[in-house]
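Architecture at a glance
Spelled out, the chains give:
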Amino acid sequence: RTRQGNRGKRDSQIILMQFFNKVHFNLPMTPLELEVYHQIKNVIGVNPAFYEFIMMVDADTYVFPDSLNRMVSCMLHDSKLMGICGETQLANEKDTWITMIQVYEYYISHHLSKAFESLFGSVTCLPGCFCMYRIRAPESNYPLLVSTNMVKDYAENNVDTLHKKNLLHLGEDRYLTTLMLKHHPYYKMKFTSDAQCRTNAPDTWQVLLSQRRRWINSTVHNLLELVFLPRLCGFCCFSMRFVVFIDLVSTIVMPATVVYLGYLIYQLVVSTSDTPLVSVYLLATVYGLQALLFVFKRQWQHIGWMIVYLLALPVFSFFIPIYAFWHFDDFSWGNTRLEVGDGKKARFIAEVEEFDPASIPLRKWEEYEEEILYSVPDKTRLDDARSEMSSRASMYFMPPRPGSAAGSAYGTNNYGYNQSGAVNMQAVGRTHAHTHAHIPVGMGGNVPSVPGMTLAHAGFMPEAHGMAASGGGYGVAPMAPMGLVPDAMPFQVQYPSGMPNEVLVQSVRRILSTVDLMLVTKKQVRQQVAQDCNMDQDELNARKSFINVCIDEVLNERL
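Residues numbered from 1 in each chain as written. Predicted model: local features only at pLDDT ≥ 70, side-chain atom pairs only at ≥ 80, totals over all residues. Heavy atoms only, no water.

**Looking at the overall build of the protein chain**
Regarding its fold elements, the protein chain presents 20 helices and seven strands. Per-residue burial for the protein chain yields a buried fraction of 45% across its 559 residues. Taking as baseline every contact in the protein chain between residues at least 6 positions apart, the subset at least 24 positions apart corresponds to 74%. For the protein chain, the accessible surface area stands at approximately 29,100 Å², while carbon and sulfur atoms represent 59% of it. (Helix = DSSP H or I, 4+ residues; strand = E, 2+ residues; numbered from the N terminus. Buried < 20%, exposed > 50% of the residue type's maximum accessible area, 1.4 Å probe, protein only. Contact = heavy atoms within 4.5 Å. Areas by Shrake-Rupley, 256 points an atom, 1.4 Å probe, with all protein chains shown as cover.)

And the structure:
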């Protein structure tokens, strides 16, 4: 209540991490999380448990068209990779002199610093404007980003020390990376230059000053956290711990480095005999090797940007660090984040009333789903419930386990069954990740079911499509709700007279054979069916459940 509106990506990340943590462990959820679950599963049409990666971008970031594929490709090629970032370029590099002096720094921080850290598998900061994390390990299903320790540490609310405030209030991007390296030391962080994006850099001195104050102060405190981690790649001076220590020391002594550089220039100008030529040669070698990087990558324009950066070196390495260290106890975001309103910075009062988390009602998704199915007072929610039932009914069209009458016709490995007849959940999840929650949940050949639901309820008769209504084929084994046996609920939905069901099935079959299944949704298919069959909205709503079942059945046929 005291800080409404935009409070940064950490709030959004915590909501998402807690949601997927509860999905992974099947924990009770808040009303917000239950609504998110419903929207993802029944509107988007994907079971939330299928998601493997989370990509994070800023609102002003333009991601290149192939960048997402590049990052996912790296994740798929290395199952030990838990986080990855790409190259961030400037979209407003020539706007002002403030943006011009940042071009070279952005380039060298990615292609030199992050590329070197990537060799150790320990990139110390994945920029929040453009990065991707793995939700869970693919083989073991071990939670990574959504592990309980990660969520607990990142959602820390008792921020009462200078160290914690710099970590959680100023540099949440870097701190999230630090926590990943802390809790999952046997997994890797990587940088790939193939994935690229463009973002807007600060174009005024005030905004640049406030941004770099946050970056420098959070860097110091995060590097302090990393230095004391027990497991980092390498040994002694050839270790990531040594690299982090050098980064920490160089960040702290940056102003002194500029002073010494000025002393070297003075000695060269006056041409005295006691000029430390070794230092001069070392500096020339460092920047000469950076110039070789431009030659190898054929980025000739960065030679000019390097000259601009060197002229602005006192700004980045002296004035800004001095300002940041002097404001170590300033935890505001400055001019980089303003409240929406009259343009003035809002004043906030402290929250006096204590909040009791127990006041939020918690329920498991199964309970909420049952309420959708059986407690739907109006037609709108009834349509949502039918959509939910149709997506769940897709499980009935999975073939039986090997050894049954119809099982041998489909083979064993294509549907994720092993030789014992149990279900290989990982194989099925990957095969059906693009469909609407098509996953068999029974073990040993038992067919799962929706409480009180049969295919006849959705207007679809298995016998009419050459499938067995029971037994070893596509049988239905409905559970009995509230203690009733399945036969106690013999009802069948009667749809209004109009378009024959066979015509709808053929229309669905034709549409699904011409579209990209990775891009189309059930809603789009239904709309196309309505257009092909000249159905009005009322008839489409009445046939919604039947069309959904047809879609699932045709998709399983294609598999």
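Now, onward.
**A few points about a nonpolar patch on the surface**
On the surface, L289, L292, V295, F296, W300, I303, I307 and L311 cluster together into a nonpolar patch covering about 850 Å² of accessible area. Contributing elements (two or more residues each) for the nonpolar patch: helix 11 (277-297) and helix 12 (301-311). Broken down by element, the nonpolar patch gets its largest block of residues, four residues, from helix 11. Following the sequence through the fold, I307 ends up in helix 12. According to the relative accessible area criterion, I307 is partly exposed, its value standing at 49%. (Patch = residues over 30% accessible without salt bridge, like charges linked within 9 Å, V, L, I, M, F, W, Y side chains within 5 Å. Salt bridge = Lys/Arg side-chain N within 4 Å of Asp/Glu carboxyl O.)

**As for unusual backbone geometry**
The backbone phi angle of N26 is positive, close to 55 degrees, even though this residue is not glycine. With respect to the helices, strands and loops of the structure, N26 is situated in the loop between helix 1 (9-25) and helix 2 (31-44). In this structure N26 comes out as partly exposed when scored by relative accessible area, which is 36%. A positive phi angle, near 55 degrees, is found at N534, a position not held by glycine. Turning to its location among the elements, N534 is positioned in the loop between helix 18 (522-532) and helix 19 (537-542). According to the relative accessible area criterion, N534 is exposed, its value standing at 69%.

**Quick look at the sheet that holds strand 3 (residues 81-90)**
Strands sit in the order 1-4-3-5-2 across an open sheet of five strands; the sheet is mixed. The open sheet has two edge strands with one neighbour each: strand 1 (53-57) and strand 2 (62-63). As judged from the three bridges shared by strand 3 and strand 4 (residues 130-134), these two strands associate in the antiparallel manner. Considered in strand 4, the bridge of I84 is made with M132. (Pairing = 2+ DSSP bridges.)

**Let's talk about the packing of aromatic side chains**
Within this structure, the stated rule accounts for 13 aromatic pairs. Measuring from ring centre to ring centre gives 5.2 Å for Y104 and Y309, while their planes differ by 45 degrees; the resulting arrangement is tilted. Taken together, the positions of Y104 in helix 4 (residues 97-119) and Y309 in helix 12 put the pair 205 residues apart, joining distant regions of the chain. Accessibility classification places Y104 together with Y309 in one group, the buried group. (Phe/Tyr/Trp six-rings, centres within 6.5 Å; stacked < 30°, edge-to-face > 60°.)

**Structural notes on the state of the cysteines**
Tallied over the entire structure, the rule returns zero disulfides. C125 takes part in no disulfide bond, and the closest cysteine sulfur to it belongs to C85, at a distance of 7.9 Å. No disulfide involves C197; its sulfur sits 5.0 Å from that of C129, the nearest cysteine. (Disulfide = S-S within 2.5 Å.)

**A word on helix 10 (residues 254-270)**
Because each turn of an α-helix spans 3.6 residues, side chains separated by three or four positions end up pointing in the same direction. For helix 10, with 17 residues, the first-to-last C-alpha span of 25 Å sits near the 24 Å given by 1.5 Å per residue. Buried within helix 10 we find P255, V258, L264 and Q267. At its buried positions, helix 10 is contacted by helix 9 (240-252), helix 11 and helix 13 (313-326). Looking one or two places after helix 10, you find S271, whose phi comes out positive at around 60 degrees. (Expected span 1.5 Å × (residues − 1).)

**Examining the nonpolar core**
In this structure, Y133, L145, L176, M180 and M189 are the most contacted members of the largest nonpolar core, which totals 50 residues. Grouped together as the second largest cluster of nonpolar side chains are 23 residues, L90, I108, A312 and L313 included. (Core = buried A, V, L, I, M, F, W, Y, C linked by side-chain atoms within 4.5 Å.)

**What to know about the environment of K165**
As for its position among the elements, K165 is in helix 6 (residues 162-170). In this structure the C-alpha to C-alpha distance between K165 and S218, which are 53 residues apart in sequence, comes to 9.0 Å. Not counting residues within four places of it along the chain, the set of residues in contact with K165 comprises V159, L170 and F331.

**Remarks on the side chain of S218**
For S218, the location among the structural elements is in helix 8 (residues 205-227). Those residues within four positions of S218 in sequence are excluded, and the remaining contacts are N166, L170, G171 and R174.

**Points about the pattern of salt bridges**
For the structure shown, the criterion picks out 10 salt bridges. We note a salt bridge from D58 to K9, for which the minimum N-O separation is 3.4 Å. In this pair, D58 is assigned in the loop between strand 1 and strand 2 and K9 in helix 1, connecting sequence segments 49 residues apart. Of the charged contacts in the structure, one is a salt bridge between K188 and D78, with a shortest N-O distance of 2.6 Å. With K188 in strand 5 (residues 188-199) and D78 in the loop between helix 3 (67-77) and strand 3, this residue pair connects regions lying 110 residues apart in the sequence. Under the relative-accessibility criterion, D78 is labelled partly exposed at 22%. Each of the salt bridges in this network shares a partner with another, and the network as a whole consists of K9, D58 and D173.

**What about the packing of helix 1 against helix 7 (residues 172-183)?**
Packed helix pairs are characterised by how far apart their axes lie and by the angle those axes make with each other. It is the contact of helix 1 with helix 7, at a shortest axis distance of 10 Å, that shows an interaxial angle of 35 degrees. Touching K9, R10, Q13 and M17 of helix 1 are E172, D173 and L176, all from helix 7. Looking at the contact of helix 1 with helix 7, its residues break down into two nonpolar, one polar and four charged. (Axes fitted to C-alpha atoms, helices over the stretch in contact; angles between N-to-C directions. Nonpolar A, V, L, I, M, F, W, Y, C, P; charged D, E, K, R; others polar.)

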